[in-house]
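The chain contents come next:
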Amino acid sequence: MTTHWYEGPLAAFDTETTGVDVEEDRIVSAALVVQDAAGTRPRVTRWLVNPGIPVPAEATAVHGLTDRHLQRNGRWPSPVMEELARAIAEQTAAGRPLVVMNAPFDLTILDRELRRHRASSLGRYLDSVPLCVLDPRVLDKHLDRYRKGRRTLTDLCDQYEVVLDGAHDAAADASAAMEVVRAVGRRFAGRLERLSPGELHTLQAVWHAAQARGLQAWFARQGTPEMVDPAWPLRPELPAVA
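Residues numbered from 1 in each chain as written. Predicted model: local features only at pLDDT ≥ 70, side-chain atom pairs only at ≥ 80, totals over all residues. Heavy atoms only, no water.

**Remarks on the pattern of salt bridges**
Point 1. This structure, assessed with the given rule, holds 15 salt bridges.
Point 2. A salt bridge links Glu82 to Arg86, with the shortest nitrogen-to-oxygen separation between them at 2.6 Å. Here the residue Glu82 and the residue Arg86 both occupy positions in helix α3 (residues 77–93), the gap between them amounting to 4 residues, near one helical turn.
Point 3. Since its relative accessible area comes to 15%, Glu82 is described here as buried.
Point 4. On the basis of relative accessible area, Arg86 is assigned to the partly exposed category, the value being 46%.
Point 5. With a closest N to O distance of 2.6 Å, Arg151 and Asp140 form a salt bridge. Here Arg151 is found in the loop between α6 (136–143) and α7 (153–159), whereas its partner Asp140 is found in helix α6, with 11 residues between them in sequence. (Salt bridge = Lys/Arg side-chain N within 4 Å of Asp/Glu carboxyl O. Helix = DSSP H or I, 4+ residues; strand = E, 2+ residues; numbered from the N terminus. Buried < 20%, exposed > 50% of the residue type's maximum accessible area, 1.4 Å probe, protein only.)

Below, the structure is given as C-alpha cells:
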C-alpha cells in the first residue's frame, strides 16, 4: 500500500522575530522539526539569536524572549543564519517537503537575514535542489475557502483538532504546523492524495496569488491602503532606492 505524502516524511520550520516587517525585523529564535513518518518521534533543532538590535516590548509579549535573555544566551546572527539555510537545504535535498506556516514571512525574513549577515541569499543554498513548501494557511484557505473566521496557527489547530502546546515557541509552532498539514491532507484526501508535494508547491503559488488578490480587493472596498504581496513562498528582494 502506498503511503500518501501527508503520512510520510516531513520537516517544519518556524521563527520568532523582533516584529512583522520582513525587510527590517530580525530573527531571535528558530526551530526545525523533522519527522520520518506520521506518529514517529520528531527530531527537533533549536536556535537562539542575539539579534544585535533591541527587542520591542510588543514582540517580547508574544514570544517571551527578552533583550537580557537573548544577550546572555543567544548566538551572533551570522553563523546561525548559515546553519538555518544549510539545514533547510539538507531537508530539501533529502526530499522532505518543508512545512512553513505563512511561508512568505519566515522564508523571506531568513533570506533578508542572510543578505544582511552573510552577503548571501536563501536561493543560493537551494540552487541545486528546488524548494518544496507546504503552507497550512494556503492549503486550508484554498480547500475550505468559504469557512468564516481567522486562520492563524491557533485557529487552524482548533479547526483540525491539533494540540498546540506553547504557542509562539518556534519548535512548538513548527510541530503544530506539521500536524495541521497532515490533518489537512487526511481531511481533503480525495482532492490531495493524487498530487505530489512538488505539484502542490506549484499550485500553492497560484492559490496564494489568488488569495492575495481577493484580500487586496477587500482592503480596497474598506478604503484600507494596505498592500498584499502575491509572491509565495518567498518575496522578491525590494529594489534598492537610488
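**A word on unusual backbone geometry**
Point 1. Note the cis peptide between Trp232 and Pro233, where omega equals 5°.
Point 2. Checked against the element boundaries, Pro233 lands in the segment after α10 (197–222).
Point 3. A positive phi angle is found at Ala119, which is not glycine, with a value near 50°.
Point 4. Relative to the helices and strands, Ala119 is located in the loop between α4 (103–118) and α5 (122–125).

**Digging into the sheet that holds strand β1 (residues 10–17)**
Point 1. Across the sheet, 5 strands lie side by side as β3-β2-β1-β4-β5; this open sheet has mixed pairing. Each having just a single partner strand, β3 (43–48) and β5 (133–134) make up the two edges of the open sheet.
Point 2. Of the strand pairs in this sheet, strand β4 (residues 98–99) and β5 are connected by 2 bridges, and their pairing is parallel. Each residue of the ladder has a partner; that of Val99, found in β5, is Leu134.
Point 3. Packing of α4 onto the sheet brings it into contact with β1, β2 (27–35), β4 and β5, and relative to β1 it is tilted by some 70°. (Pairing = 2+ DSSP bridges. Contact = heavy atoms within 4.5 Å. Axes fitted to C-alpha atoms, helices over the stretch in contact; angles between N-to-C directions.)

**Notes on the side chain of His63**
Point 1. Relative to the assigned elements, His63 resides in helix α1 (residues 57–63).
Point 2. His63 gets classed as buried once you look at its relative accessible area, which sits at 12%.
Point 3. A distance of 2.9 Å separates a polar atom in the side chain of His63 from the backbone oxygen of Thr17.
Point 4. Dropping the residues within four chain positions of it, His63 is found in contact with Glu16, Thr17, Val28, Val55 and His168. (Polar contact = N/O pair within 3.5 Å; in protein donor to acceptor, adjacent residues only side chain to side chain.)

**A closer look at the nonpolar core**
Point 1. Residues Phe13, Leu98, Leu107 and Leu110 are the most contacted members of the largest nonpolar core, which totals 59 residues.
Point 2. Per-element tally for this core: the top contributor is helix α8 (residues 170–187), with 8 residues.
Point 3. In contact with Leu110, not counting residues within four places along its chain, are Phe13, Ile27, Met81, Leu84, Ile88 and Leu122. (Core = buried A, V, L, I, M, F, W, Y, C linked by side-chain atoms within 4.5 Å.)

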